[in-house]
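If you want the building blocks of each chain, they are given just below.
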Amino acid sequence: MMGARPGKKNMQSKVAHYQTPVKNLLLGGHWAELGGGVPIAAKAGANAALMVFKKENKTAFTAMAAYMDGKTDLAGLLSNPAFKPYNGHWKAEPTPAQKKAMREATAGE
Ligand SMILES: Cc1cc2nc3c(=O)[nH]c(=O)nc-3n(C[C@H](O)[C@H](O)[C@H](O)COP(=O)(O)OP(=O)(O)OC[C@H]3O[C@@H](n4cnc5c(N)ncnc54)[C@H](O)[C@@H]3O)c2cc1C
């Protein structure tokens with residue numbers, strides 16, 4: 001349910017971390033932070049992206065950091081030429097349970 005349980009012991013031992021011993025390999029999910037769940041995983045993913053931008057693309061880093069700090073809105077962020085346009089066409093593959101439900105729904109027709 002969560003990467004590392006939040007608490008004194010894990011905080012002191014710095015069990016949660018973004019940097020790994022492998023060069024250029026960062027953690028960007030719930031193992032990167034104490035606590036867990038989707039909000040922590042999303043936060044860690046955003047922070048890991050910022051760390052990559054900081055190293056590789058300062059313009060993207062500055063724009064993204066401004067967005068994260070609430071200094072610009074999403075439209076302002078996406079209008080920055082550092083980001084390529086994305087039309088949001090990605091669709092999630094149905095899960096096995098959804099596929100089964102679709103098969104069952106069409107079988108009854
Ligand atoms: C039953 C259950 C209920 C939960 N309910 C909630 C809830 O209500 N609210 C909440 O906030 N959190 C909930 N959580 C926790 C939440 O789902 C996780 O904290 C969150 O999904 C972690 O996100 P992540 O991106 O770090 O890891 P994951 O979502 O586990 O993503 C890791 C991805 O890496 C992929 N992967 C693994 N190994 C490889 C490999 N070698 N190569 C390529 N890909 C690989 C996996 O297939 C997976 O897609 C729940 C978890 C469980 C198990």
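Throughout this description, residue numbers start from 1 for each chain and increase along the sequence as written. In view of the model being predicted, local features appear only for residues whose pLDDT reaches at least 70, and side-chain atom pairs are presented and counted only at 80 or more, with totals across whole chains, interfaces and linings using the full set of residues. For side-chain calculations, the full set of non-hydrogen atoms in the structure is used, while hydrogens and water are omitted.

Chemist: Any chance you could explain the pattern of salt bridges here in plain terms?
Modeler: Pairs can form between side chains of opposite charge once their charged atoms are near each other. The working definition used for a salt bridge is a side-chain nitrogen of Lys or Arg within 4 Å of a carboxyl oxygen of Asp or Glu. Using the criterion set out here, one finds 2 salt bridges in the structure. The closest approach of N and O atoms between E33 and K43, which form a salt bridge, is 3.8 Å. On the criterion of sequence distance, the pair formed by E33 in the loop between α1 (8-12) and α2 (37-56) and K43 in helix α2 is long-range, its members being 10 residues apart. Buried, partly exposed and exposed residues are distinguished by accessible area as a fraction of the type maximum, computed with a 1.4 Å probe on protein chains only: under 20%, between the cut-offs, and over 50%, respectively. Using a relative accessible area of 42% as the deciding quantity, one classes K43 as partly exposed. Secondary structure elements are defined from DSSP: runs of H or I of at least 4 residues count as helices, runs of E of at least 2 residues count as strands, and each element is numbered from the N terminus.

Chemist: Any chance you could explain the site of the ligand here in plain terms?
Modeler: Definition of nearness: a residue and a molecule or strand are near each other if at least one heavy atom of the residue lies within 4 Å of the molecule or strand. Near the ligand the following residues occur: M1, G29, H30, G37, V38, P39 and A41. Between an oxygen atom of the ligand and a main-chain N or O atom of H30, the distance comes to 2.7 Å. Identification of polar contacts relies on pairs of N or O atoms within 3.5 Å, with a donor-acceptor requirement for protein atoms, meaning one able to donate a hydrogen and the other able to accept it, and with residues adjacent in sequence counted only if both atoms are side-chain atoms. Within the backbone of V38, an N or O atom sits 2.8 Å from an oxygen atom of the ligand. Here the nonpolar group is Ala, Val, Leu, Ile, Met, Phe, Trp, Tyr, Cys and Pro; Asp, Glu, Lys and Arg are the charged ones; every other residue, Gly included, is treated as polar. Of the residues belonging to the shell around the ligand, the class tally is 4 nonpolar, 3 polar and no charged.

Chemist: Whenever I open this one, the packing of α2 against helix α3 (residues 58-68) confuses me. Can you help?
Modeler: Angle between the axes and distance between the axes are the two parameters that describe a pair of packed helices. The interhelical angle for the contact between α2 and α3, taken along N-to-C directions, is 145°, at an axis separation of 6 Å. In the packing of α2 onto α3, the handedness of the crossing is left-handed. Each of A46, L50, F53, K54 and E56 in α2 lies in contact with α3, whose residues at this interface are K58, A60, F61, M64, A65 and M68. When the residues that make up the contact of α2 with α3 are grouped by side-chain class, the tally is 8 nonpolar, no polar and 3 charged. Note on method: axes are straight lines fitted to C-alpha atoms, helices fitted across the in-contact stretch only, with angles between N-to-C directions ranging 0 to 180 degrees. Working rule for handedness: look at the near helix, and if it is turned counterclockwise from the far one by less than a right angle, call the crossing left-handed; if clockwise, right-handed. Two residues form a contact once any of their heavy atoms are found within 4.5 Å.

Chemist: Any chance you could explain the layout of surface pockets here in plain terms?
Modeler: Rolled over the atoms, a probe with the dimensions of a water molecule shows which regions are left empty. By volume, the largest pocket is sized at about 160 Å³. Detection works on a 1 Å grid of protein atoms alone, calling trapped sets that fit a 1.4 Å probe cavities and calling open sets with protein on both sides within 12 Å along at least five of seven lines pockets, with lining residues defined by an atom within 4 Å of a point. As for the largest pocket, its lining consists of Q19, T20, V22, K23, N24, L25, L26, M51, V52, K55 and E56. Here the residues of the lining of the largest pocket sort into 5 nonpolar, 3 polar and 3 charged. Grid points are joined across faces, edges and corners, and a volume is the space filled by probe spheres set on the points.

Chemist: Explanation requested: the packing of aromatic side chains in the structure shown.
Modeler: Aromatic ring pairs are reported here in terms of the distance separating the ring centres and the angle at which the planes meet. Aromatic pairs are defined between Phe, Tyr and Trp rings, using the six-membered ring for Trp, whenever the two ring centres lie within 6.5 Å; interplanar angles under 30 degrees are classed as stacked, those over 60 as edge-to-face, and all others as tilted. The tally for this structure, following the rule as stated, stands at 1 aromatic pair. Measuring from centroid to centroid gives 5.8 Å for F53 and F83, while their planes differ by 80°, and the two rings are edge-to-face. Of this pair, F53 sits in helix α2 while F83 sits in the loop between α4 (74-78) and α5 (96-107), and the two are 30 residues apart along the sequence. What makes F53 partly exposed here is its relative accessible area of 22%.

Chemist: Explain the nonpolar core to me, please; I cannot follow it from the model alone.
Modeler: Nonpolar side chains tend toward joint burial in soluble globular proteins. Residues L50, A60, A63, M64, A65, L77 and F83 constitute the largest nonpolar core, which totals 7 residues. The dominant element in this core, judged by the number of residues it contributes, is α3, at 4 residues. Residues contacting A60, with those up to four places away along its chain left out, are F53, A82 and F83. For our purposes a nonpolar core is just a set of buried Ala, Val, Leu, Ile, Met, Phe, Trp, Tyr and Cys residues, chained together by side-chain atoms within 4.5 Å.

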